[in-house]
Amino acid sequence: MPELPEVETVRRGLAPTLVGARFVRVETRQSGLRAPFPPRFAERLKGRRIEALKRRAKYLLAALDGGETLILHLGMSGSFRVEGGGESPIPTTHFPRGKNAAHDHVVFVLDNGARVVYNDPRRFGAMDLVPSEGIDERAPFDALGVEPLSKEFDAARLAALCAGSRAPIKAALIDQKRIAGLGNIYACEALWRARISPLRPAAILADARGRPTAAARALAPAIRAVLEEAVEAGGSTLRDHRQPDGELGYFQHSFAVYDREGAACPRRGCRGIIARVAQGGRSTFHCPACQK
DNA sequence: CGCATCCCCTGCCTGC
DNA sequence: TGCAGGCAGGGGATGC
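About the criteria used
Residues numbered from 1 in each chain as written. Chains lettered and ligands numbered in written order. Predicted model: local features only at pLDDT ≥ 70, side-chain atom pairs only at ≥ 80, totals over all residues. Heavy atoms only, no water. Pairing = 2+ DSSP bridges. Helix = DSSP H or I, 4+ residues; strand = E, 2+ residues; numbered from the N terminus. Axes fitted to C-alpha atoms, helices over the stretch in contact; angles between N-to-C directions. Contact = heavy atoms within 4.5 Å. Phe/Tyr/Trp six-rings, centres within 6.5 Å; stacked < 30°, edge-to-face > 60°. Buried < 20%, exposed > 50% of the residue type's maximum accessible area, 1.4 Å probe, protein only. Lys NZ or Arg CZ within 6 Å of the ring centre and 35° of its normal.

Asker: Can you walk me through the sheet that holds strand 1 (residues 23–28) in this structure?
Answerer: By definition, the strands of a sheet pair up through backbone hydrogen bonds, in either a parallel or an antiparallel sense. Reading across from one edge, 1-6-7-5 is the order of the four strands in this open sheet, with antiparallel pairing throughout. Because the sheet does not close on itself, it has two edges, and the strands there are strand 1 and strand 5 (79–83). The sheet shows a mean angle of 15° between the axes of neighbouring strands, taken without regard to direction. As judged from the five bridges shared by strand 1 and strand 6 (residues 104–110), these two strands associate in the antiparallel manner. If you follow Phe23 over to strand 6, its bridge partner there is Leu110. Sheet strands in contact with helix 1 (residues 4–18) are strand 5, strand 6 and strand 7 (115–119), and its direction is about 30° off that of strand 5.

Below you can see the structure in the form of structure tokens.
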């Protein structure tokens, strides 16, 4: 479920349980997810205290004492749930409808009595344990682009990132080397808000001097706004994550185009019908009538 | 280098 | 009802 707003929602949901706690025991029930777990993963985590839980792009970063960072990525279908550990249940973790315990791949047992369980049917997620020092200069973080909710992200930056690119603008937007954390859903939604066709080349965001065009000046705030609104709504909850314990994400009810093929364009005065096209093997949703 | 394609894996939905 | 095929929020490797 994992674009920036969903990962941020998970971060906020897990932080009260994780930050300040120590790992008493870590159980892995698979040899790995997308990649094998690092050597002695569970043993190295045991006894470590979580000092902070941060997010970069779609990654969660648990900074531990002892100078290491636990990297967590949810892939397509990963989710966390919190069991036990006091009076405040943490319902923001979008636990899948299936609740298939066969896909509980990692259990983090904490000294505050809580257990944090990672469930991931498709096992596209990832976990790693790396030195905290210089983490931003190493893969995968060294290749990530600008955080779209940061001050550094604006029309000028967006234009510079896309200047000269002949890739379709939708593909450029979900390229993590350009904008970190934007994914398929919110790229589609932002383009609709900015009335830009996802099929146009990314280069239309910059003029001959590399400065932002009107399209960039519309799109940059649209990206920021849709992400902020989605974070505020607790992210989006769909498909296998449709019925989470605690049912928090509800931004899916605000989609203008995503997963709305054949429906009426919600823009006032627009008579368009939302279309779905394939770009780079993934579905893009847009309104051919008002996105130019 | 930039971009497109394919693959990782499982579950769900659709259409035959 | 059963089954094959298509599709799914991501990201990494490969090849042109």
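What follows continues from the structure just given.
Asker: Got a minute to help me understand the packing of aromatic side chains in this structure?
Answerer: When we look at a pair of aromatic rings, we describe it by the centre distance and by the angle of the planes. A full pass over the atoms with the stated rule returns eight aromatic pairs. Where Phe80 meets Tyr118, the ring centres are 5.0 Å apart and the plane angle is 55°; that geometry is what we call tilted. Residue Phe80 is located in strand 5, and its partner Tyr118 is located in strand 7; the two are separated by 38 residues in the primary sequence. For Phe80, a relative accessible area of 1% translates into the label buried. Judged by centre distance (5.8 Å) and plane angle (40°), the ring pair of Tyr186 and Phe251 falls under tilted. Of this pair, Tyr186 sits in helix 5 (residues 184–193) while Phe251 sits in the loop between helix 6 (214–232) and strand 9 (275–279), placing them 65 residues apart in sequence. A residue is classified by how much of its surface remains accessible, and Tyr186, at 0% relative accessible area, is buried. Overall, the relative accessible area of 2% leaves Phe251 in the buried class. Put simply, the rings of Tyr186, Phe251, Phe255, Tyr258 and Phe285 touch in pairs and so form one group of aromatic residues. Sitting over the ring of Trp192, Arg267 keeps its end group 4.2 Å from the ring centre.

Asker: Honestly, the environment of Leu173 in this entry has me stumped. Any pointers?
Answerer: Positionally, Leu173 belongs in helix 4 (residues 169–173). Sequence-wise, Leu173 and Tyr186 are 13 residues apart; in three dimensions their C-alpha atoms are separated by 9.4 Å. Non-local contacts of Leu173, meaning those with residues more than four positions away in its chain, are made with Leu158, Ile179, Leu182, Ala187, Leu191, Leu219 and Ile223.

Spatial relationships are all this shows, so hold off on functional conclusions.
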